[in-house]
Amino acid sequence: MLCIRNDGCDDLEPRKVYQVIEDSEAAAEGYIRIVDESGEDYLYPANYFVSIELPKDAAKVLAVPA
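Residues numbered from 1 in each chain as written. Predicted model: local features only at pLDDT ≥ 70, side-chain atom pairs only at ≥ 80, totals over all residues. Heavy atoms only, no water.

A. Representation of the overall build of the protein within the structure. Helices and strands together make up the secondary structure of the protein, namely two helices and five strands. When its helices and strands are written in sequence order, the protein yields β-β-α-β-β-β-α. Radius of gyration (C-alpha) of the protein: 12 Å, near the 11 Å computed for a compact globule of 66 residues. Seen through its principal axes, the protein has C-alpha atoms that stretch 30 × 25 × 20 Å. Out of the 66 residues belonging to the protein, those deemed buried represent 18%. The long-range fraction of contacts in the protein, counting pairs at least 24 apart against all pairs at least 6 apart in sequence, stands at 35%. Approximately 4900 Å² of the protein is accessible, and the part contributed by carbon and sulfur atoms is 51%. Distance from the positive charge centre (6 side chains) to the negative charge centre (14 side chains) of the protein: 9 Å. (Helix = DSSP H or I, 4+ residues; strand = E, 2+ residues; numbered from the N terminus. Rg over C-alpha atoms; globule rule 2.2 N^0.38 Å. Buried < 20%, exposed > 50% of the residue type's maximum accessible area, 1.4 Å probe, protein only. Contact = heavy atoms within 4.5 Å. Areas by Shrake-Rupley, 256 points an atom, 1.4 Å probe, with all protein chains shown as cover. Lys, Arg positive; Asp, Glu negative; His and termini not counted. Charge placed at Lys NZ, Arg CZ, Asp CG, Glu CD.)

Below, the structure is given as structure tokens:
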């Protein structure tokens, strides 16, 4: 996900790509679980982000081992 705003959240940088952790309960409430600059996952408003599709080479480099 691409961060498009942070509204004072110091652990998010606008214009940066973040890893998403699926959380259907959070999504139902309008939130998204993101691994932020602290290295931990937290809930943020979904409207802080937009979904993007990366080229395959970039996705491989940014992939997190399972």
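Resuming the write-up.
B. Just the environment of alanine 46, in detail. Relative to the helices and strands, alanine 46 resides in the loop between strand 4 (41-45) and strand 5 (49-50). According to the relative accessible area criterion, alanine 46 is partly exposed, its value standing at 32%. Along the backbone, alanine 46 and glutamate 29 are 17 residues apart, and their C-alpha atoms lie at a distance of 9.3 Å. Residues within four places of alanine 46 in sequence aside, it is in contact with Gly30, Tyr31 and Ile32.

C. The sheet that holds strand 4, seen in detail. Strand order in the open sheet formed by three strands is 2-3-4, and the pairing between neighbours is antiparallel. Two strands bound the open sheet, and with one partner strand each, they are strand 2 (19-21) and strand 4. When strand polarity is set aside, the average angle formed by the axes of neighbouring strands in this sheet is 45°. Looking at chain direction, strand 3 (residues 31-35) and strand 4 are connected through five bridges and run antiparallel. Counted as the bridge partner of tyrosine 31 is proline 45 from strand 4. (Pairing = 2+ DSSP bridges. Axes fitted to C-alpha atoms, helices over the stretch in contact; angles between N-to-C directions.)

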